[in-house]
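Commentary on secondary and tertiary structure
In case you want the letters, here they are:
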Amino acid sequence: MLHLTGQNYNARDIIKNIFSPLIGVLSSSLADDICHRNNLSFVELLQPFAKLPNDAHFRDVSGTSVSVRGLRLNFCDVDWRPPQPVLARRMLKESVTNAHNDKTKVATIGNIDLELPTSEPWFEQWRETFLTVQFPADHEFTRHLLSCLLVLSSADPQIVETAHKLTQRVQQMQSITPQKLPKWFQPNEVLNSYVVLHEANQGDLSKAQQGFELLKSTFGDSKCFLVSINSLDSQAPAEVQDYWACYIKRQPKSDATLTSTDLSAPKSPQEAVSVISMPSMQMSQLLEEVPAQESGLTMLHPLSPMQESATEAINSKFSISSESLASQTINPNVWANDLEADAPHGGCLTTRDIDNVRHFVQDYAVRALIPYIEHLVATLSEGVTNKKGVSKSLLSATKRWFVTSKPGAGANNQNAVIYTNESAELQTRKLGDLYFMFGHYNLAFQAYHQAKRDFNADSAWQYYAGALEMAALSAFMLGTAHRKTYDYMEDAIVCYLTVCKMQQFATRATLLSMECLKTARLYSDVAKQLIRMTSEESDLRSALLLEQAAYCFLVTQPAMHRKYAFHIVLAGNRYSRAGQRKHAYRCYRQAYQVFQKREWSLAEDHIQYTVAKQAYMLKQLDEASRSFAHLLRPGSLQSAAQQSSFLKEYIQTQNELLKRSPEVGLLPHALPQLVQSSVRVLTLVQAPSAQAPQLPATNIDINSNLTADESIWNKIEEMLVITAASNKPFVFKPTRYLYTKQQPALETPVAVQGEPIELAVTLSNSVRCSIALSEIDLLWKLTLDNEEVLSNACVYEEAADSASKAAVQAAIKTSCVASFELAEQAEKTVYFKLTPRLTGRLLILGVVCRVAATADPTASLLGSLQFETQMIRPATAKQSSQTVLDNRLSLKLVPQLPAMSVSFSPVPTQLLAGGILPVSITLRNLGIAPIEEIYLGCDTPRCVSLQSEHPDQMPLAMKSSLRDLSNDKLVKDKEIRGQRVFRLLQRPGQAALEAQQGHTISMWLQAPHQDGPFTLRLLFYYSLPVGANSPIKYRLVRHIWHLQVESCLQAESTCFVSNAVTNELGLELNLRNQHAAQATEVYINTLSLYSKEYDVNPEKLYIMDSMGVSAGQAGGQCLKSSKFCSLQFRLQEKGLKEHFNDIPTIKTLLQTRLSHLKIMPAQHAQQVEQHMPALHDPHSFLTNEETVFFNTNISTEEFNASIGGYVPHATLALSWSAIVAREGGPRLASGLHFIKLYKLYETGHCPATTAETMLRRRLSSDNAPHKLREFQLPEVAPSNEKASEPLADDEDEDYWEPNENYVGQRCLLEDESFVLAAKG
Amino acid sequence: MSTYYFVIVGHNDNPIYEKEFSTVNKEFRKEDQRHLSQFIAHAALDLVDEHKWKTANMQLKSIDRFNQWFVSAFITASQIRFIIVHDNKNDEGIKSFFNEMYDTYIKHSMNAFYKINTPIKSPMFEKKTEIFGRKYLLS
């Protein structure tokens, strides 16, 4: 019967096939038996050969011979009936369900790559089925049987009787009025021909000839045919190739419904599947034997997806109207045999037999059919010509001439006209059909055109539409199609649709029109017609047509990919309503290709949700969860309720997927998101080993922001390393422990076995409902030194045995919070601590957690969040776009190393300016190897003092007060290092710290005199045993104090000439307690003067202003907050002139130069001073005060200038103590204030004012070479007057200009500072 | 009883501003409509692109329809497309609305901090749209 699928037929072939002459077949039971030996019915036997191999010639009325090329006969069992509507609908549905084509091609439209199916077999199958299941109508004759073949067997002893019987049966069918199915083209004179099948291997040919001759004499020469087949025994091996197997859709013999007449094999396995599993087969297939069929299918076609056969099994269980089933004989055995792989068909046929069959078809067409057709044409045209003009009535004649009626103009006489079979109008139509079927399209067009006019005049709209349709097709086949004939088709469709309300015919006309218009490349018209045919009545048809329309939009010029997207979505929607999940799924996925990344958020969500749903139903759970995951993306416009339902379905889908395929292990989570840039890794976390109240070194916190002061640390580290390396050349590279986005890891970070690694990562919840996370863990992979790979992914796999799980868990210990909740659209940072127990290469892969919606905690999902390796652009290659991979999550684990823990005694966070605090540092070697050397580096050495067993070198500034250093060879960097780096626990011939040994060092800390925040950094360096082939040569411990300095005591002092006669010098000292808290009491214990030339006169202390002095808790005289006092004392020259032969020790020097004076000590003064390093100690803060600390980045010139110039001065040291009211009760503090005095009448401040600092700097640079004395006195009196001051050797330079110089400089300075401030 | 879905579409077929106007009470409106409007507006882009060269007008009138929905379009000089999906005829109102929105859009696009083709998030723009929508579409 019809065959349109899988052949890449062009439009002409398709139309030709649809309108091929229909020949009825009726066979006797004996003849049937003959055919059955080949596993075929007679109709099937003919199928592959139904197309005439040679041209046939057909003579039209005028006697012109028309050659008919490639005529194809459509053989059909006379007992075949179109299926009932219910069955027909099922067949249509299944023809679509079972047709698949997974092959895709890529079409690039605009800048979008669209993946489209290479062909749409479901549409072709559906079209074929649709056209097949249509009932023949009365208004057209193309589907009426033209002639009939009666098949007989030569083995029949009473062949003529049998022939008569069959003829009678056929004639009975033909003569029934009104006509029943099957319909006959010309019921009163049907061509009945007789075919005698002869079995060559059994029967005697001469006997057969005899019977045949008898038949010929009875029925006429031209009507009888003898075909000799079955030359082979059925046991013998097959001789001919199986022409039938691949294209005959296997069905029981008597049911020829959907016999495929396909002439070639399917091109792909997919097509083969679609051919094998044709609906008709399932229909007629034994419903009870479903399992057999199912297994057969899976066996035969491994490519056919499992669920397909499952669907079929379910589908075929549908109840089918018993009526339609009853009409179809079921023969399961035949089908079962067919499933055997080899030669199920034509087993008894030889090539010769095949040739016989071919000959028969040609012979039949030429000898019997065409002459009969010629005869019919002659009769019909005669009838038409005779009756022309003789109209049914005068009225209609008038109408015909004067009324141009339009379909639908008057609905009154809709289809009211009934023509008799002999009416001229129908004769014309019949004539047209005959011409059309035999390829004489020119005459066909004329006939149809005539018929169309007549029908129109009669307002016989159904007939009219049919004639229009055929006229359009004739024009198309003739190749003379133009706008007008396309409009014929358009009118036909509209007429069928609106006037006749015949959806079926309208659809058929649309399908035909589609082929014509496509050939003419009028794709937008195709799309328009197809879209018009979508209706609420049939979802399946609408879906198929919409899909075709969508493809049409893609081939229009220019391509309309957005229209395509919309219509493919509509098609998908219809498919899903029609229960065609696979197709719905496919359509939506195709649509998504257009919509993705276009930000049509809601449309995208709709597509994704449908895809997810369909995929879920199709058990494509990974696809489903991917789509659900997409729905949970950040920035979705969906409501909270919608999102939480998405989340629920997502979790459900993922869990189902896990249940179904446990081997997939951990699935990636869609939620929460892992903020990739937030990953921070900290290696070398110090174990907190300090015992209270000792506090461990701060080290680096995982949250520290390293950008700000990392360079300071690096500088200190560099100094430490150079000092420790003692001139060994090397390239310094700062050690790094913390890796973040800002501090990417260009090299592999190193971690130590047994020491924890910290990792922080931020998780963010992008949806509008809160989620709960639990069972949080890290996913890692460890490559051991022997290349064995361990990964804890196996912990989450069902398959892994418990032993290996335990082994893996022992390898690395991970700890983090057990569970937490992420509120809607919130972020949270999670901290992990990993302790590796083995060495090797550790790769941290991701985070494992169990996610559940807070609203529904029972449905939870275990999955992973993967870390992505970040790309970084190295700072060195700023210009190039080269990027490297960040290594922060791929660590190298090295064997255990000595580890030193450092802890400190607690330091209050608030200090008084100048306050001194003892701090004890406890160093403990936690490792098993001794630590050889320990160094301490500090960024503000001024504020730190360490008690050292070995007297330090004298500070350069102090040394320069003894002798000129400008000619000494001093290395700047070394001096700078010397000021900042201290060696700790230096014990000759002994390691600094033995294994497991602890040691405490005392240190003093002095708060700076300036108030405000104060940061002090300490960096401990300890070397590791040499020879250990480790990437780590030394290790560091950081400590940082963030302190708040509160201003407390404000002191200022001026030197003046107290007695102009004796030139006695005096010092005035103004003190003020500036501490903010009312209750703070300050006691001035001792005043010390560090001077080369003067001592404090211990007798002469005058309290000038003691109004502010009052009694306090620790003594009678204290300065309460915001109180003020002023005192004066006198200086006297040192009794002994300072003289050293050599450079003395610091202690000696200090002792020589210091003189003390007790002022108003507190009761606890003694006790307080014991806590501080004595002023004359080498490690006292006076030493620090007297040291000029070089800035690490000063130039060599500046360095030389500063060591070369000694500015003579005296330093006043005030030792004070204070009782500060704190929250935890009053606290005792003590400290030192230093005031440097350079000149007479110059006020020195502590804390120093900015102006003063600047002045000093100016002076030191301007007047550096001035080698003046302290308090250089002018020669007020002539030199003969006994000057109390011994004059310095550089007498000539002395002059006294009390205020001028000073004021001038001061003004200048203020000017300058003003300018600077203004600039700032 | 009328609804309007207004969308500004950028050069990459991406919506840069979306707004719905409706006289129908929120409770009665089906959520379903929202994505359908997007589909219709997106599909109409093909026709906008086809029609924009055929006329000198920026106003493209009703260029497409789907079931009961009409699509009216307006194209700016810089090929930014304004589309309205509506379910009743209101040519005059839509025309005025488009013109006002064009004005507003130009002003917004002159903001140096606004990058062409990126979503418009200005509250001022939102407010103006609201006003014009009420004035020309819903009245």
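Model, not experiment: these values are computed from the prediction.

**Re the overall build of chain A**
- Helix and strand counts for chain A come out as 37 helices and 45 strands.
- With 1320 residues in all, chain A has 44% of them scored as buried.
- Across chain A, the fraction of contacts at a sequence separation of at least 24, relative to all contacts at a separation of at least 6, is 75%.

**With respect to the domain arrangement of chain A**
All names here are of chain A.
- Splitting chain A by domain gives domain 1 (11-361), domain 2 (440-662), domain 3 (673-684 + 737-894), domain 4 (909-1045) and domain 5 (1049-1313).
- Taken together, the contact pairs 28 residues of domain 1 with 29 residues of domain 2.
- Elements supplying a minimum of two residues to the side of domain 1 that touches domain 2: α1 (11-18), α4 (85-97), β5 (104-109), β6 (112-117) and α5 (121-132).
- The element best represented in the side of domain 1 that touches domain 2 is α5, accounting for 5 residues.
- Partitioning the side of domain 1 that touches domain 2 into residue classes produces 16 nonpolar, 6 polar and 6 charged.

**Let's talk about the interface of chain B and chain A**
- In this complex, chain B contributes 11 residues to the contact, which on the side of chain A involves 13 residues.
- The element contributing the most residues to the side of chain B that touches chain A is helix α1 (residues 32-51) of chain B, with 8 residues.
- For the side of chain B that touches chain A, the per-class residue count stands at 4 nonpolar, 4 polar and 3 charged.

**Some details on unusual backbone geometry**
All names here are of chain A.
- Residue Pro 558 is reached from Gln 557 by a cis peptide bond, and omega for that bond is -5°.
- Structurally, Pro 558 is set in the loop between α22 (539-555) and α23 (561-577).
- The linkage connecting Cys 1246 with the following residue, Pro 1247, adopts the cis geometry, with an omega of -5°.
- You can see Pro 1247 is positioned in the loop between β45 (1243-1246) and α36 (1250-1262).

**Thoughts on the sheet that holds strand β5 (residues 81-86) of chain B**
Residue and element names in this part refer to chain B.
- Within the open sheet, the 5 strands sit side by side as β2-β1-β5-β4-β3. Their pairing is antiparallel. Sheet topology places β2 (15-22) and β3 (59-66) at the edges, where each strand pairs with a single neighbour. Pairwise comparison of adjacent strand axes, ignoring direction, gives a mean angle of 20° for this sheet.
- Across 7 bridges, strand β1 (residues 3-9) lies against β2 in antiparallel orientation. Looking at β2, one finds that Thr 3 is bridged to Ser 22.
- Along the sheet, helix α3 (residues 123-137) makes contact with β1 and β2, crossing β2 at roughly 45°.

**What about the sheet that holds strand β34 (residues 1034-1046) of chain A?**
Residue and element names in this part refer to chain A.
- Taken together, 5 strands build an open sheet; the order of strands is β27-β34-β33-β29-β31 and the sheet is mixed. Each edge of the open sheet carries a strand with a single partner, namely β27 (910-912) and β31 (981-984). Going from strand to strand, the sheet's axes swing by 30° on average, the running direction of each strand aside.
- Relative to β34, strand β33 (residues 1012-1023) runs antiparallel, the two being bridged by 12 bridges. Note that in β34 the partner of Leu 1018 across the bridge is His 1039.
- The strands that helix α28 (residues 710-725) touches are β29 (934-938), β31, β33 and β34; relative to β33, the one it contacts most, it runs at about 35°.

**Let's talk about the nonpolar core**
- Among the nonpolar cores identified, the biggest contains 364 residues, and Ala 472 and Tyr 496 of chain A are the most heavily contacted of them.
- If one sorts the elements of this core by residue count, helix α18 (residues 461-478) of chain A sits on top with 13 residues.

**Points about the packing of α22 of chain A against α23 of chain A**
Residue and element names in this part refer to chain A.
- Taken N-terminus to C-terminus, the directions of α22 and α23 make an angle of 165°; their axes are 8 Å apart at the nearest point. On the basis of the axis angle, α22 is roughly antiparallel to α23. For the pair α22 and α23, the sense of crossing is left-handed. Along its contact with α22, which presents Asp 539, Ser 542, Ala 543, Leu 546, Glu 547, Ala 549, Ala 550, Phe 553 and Leu 554, the element α23 presents His 561, Lys 563, Tyr 564, His 567, Ile 568, Leu 570, Ala 571, Arg 574, Tyr 575 and Arg 577.
- When its residues are assigned to classes, the contact of α22 with α23 shows 11 nonpolar, 3 polar and 5 charged.

**Re the pairing of strand β37 (residues 1081-1090) of chain A**
All names here are of chain A.
- Summarising burial for β37: 9 of the 10 residues are buried, a large majority.
- Alignment of β37 against strand β40 (residues 1115-1120), held across 2 bridges, turns out to be antiparallel. Its bridge partner being in β40, Glu 1081 is matched across the sheet by Lys 1120.
- Direction of pairing for β37 relative to strand β43 (residues 1210-1222): antiparallel, over a ladder of 9 bridges. Note that in β43 the partner of Tyr 1090 across the bridge is Thr 1211.

**Side note on the pairing of strand β44 (residues 1225-1237) of chain A**
All names here are of chain A.
- Both strand β28 (residues 915-925) and β44 contribute to a ladder of 2 bridges, which runs antiparallel. Along β44, the bridge assignment pairs Gly 915 with Gly 1231.
- As defined by bridge partners, β43 adjoins β44 across 13 bridges and the pair is classed as antiparallel. Bridging from a neighbouring strand, Ser 1217 pairs with Ser 1230 of β44.
- Between β43 and β44, which pair antiparallel in sequence order, lie 2 residues.

**Side note on the environment of His 345 of chain A**
Residues and elements named next belong to chain A.
- Relative to the assigned elements, His 345 resides in the loop between α13 (332-338) and α14 (351-387).
- On the basis of neighbour count, His 345 is assigned to the buried category, with 22 C-beta atoms found within 10 Å.
- Spatially, the C-alpha atom of His 345 lies 30 Å from that of Leu 181, the residues being 164 residues apart in sequence.

**Describing the environment of Phe 225 of chain A**
All names here are of chain A.
- Mapped onto the secondary structure, Phe 225 falls in strand β9 (residues 224-229).
- Its 23 C-beta neighbours within 10 Å are what place Phe 225 among the buried residues.
- The spacing of Phe 225 and Val 151 is 74 residues in sequence and 9.5 Å in space, taken between C-alpha atoms.
- In this structure, Phe 225 is in contact with Ser 193, Tyr 194, Val 195, Val 196, Phe 360, Asp 363 and Tyr 364, ignoring residues within four places of it in sequence.

Conventions we followed
Numbering of residues begins from 1 in every chain and follows the order in which that chain's sequence is written. Here chains are named by letter from A upward and ligands by number from 1 upward, in the order in which they appear as written. Totals for whole chains, interfaces and linings use all residues, but because this is a predicted model, local features are given only for residues with pLDDT of at least 70 and pairs of side-chain atoms are given and counted only at 80 or more. The way it works is that DSSP assigns letters per residue, a run of H or I at least four long becomes a helix, a run of E at least two long becomes a strand, and they are numbered from the N terminus. Think of it as a crowd count around each C-beta: if 20 or more other C-beta atoms lie within 10 Å the residue is buried, if 12 or fewer it is exposed, and in between it is partly exposed, with C-beta placed from the backbone throughout. Here, residues touch in the contact sense if the C-beta positions derived from the backbone fall within 7 Å of one another. Note that the domain bounds were set by an automatic or database domain assignment. Just so you know the grouping, Ala, Val, Leu, Ile, Met, Phe, Trp, Tyr, Cys and Pro go in nonpolar, Asp, Glu, Lys and Arg go in charged, and all remaining residues, Gly too, go in polar. Strand pairing is defined by DSSP finding a minimum of two bridges between the two strands. Helix axes use the C-alpha atoms of the stretch in contact, all axes being lines fitted to C-alpha atoms, and the angles between their N-to-C directions lie in the range 0 to 180 degrees. Here, a nonpolar core means buried Ala, Val, Leu, Ile, Met, Phe, Trp, Tyr and Cys residues linked by C-beta atoms lying within 7 Å of one another. Angle categories are assigned with fixed cut-offs, so that under 35 degrees is roughly parallel, over 145 is roughly antiparallel, 65 to 115 is roughly perpendicular, and the rest are oblique. Crossings are classed by handedness, with left-handed meaning an anticlockwise turn of the near helix from the far one by less than a right angle and right-handed meaning a clockwise turn.

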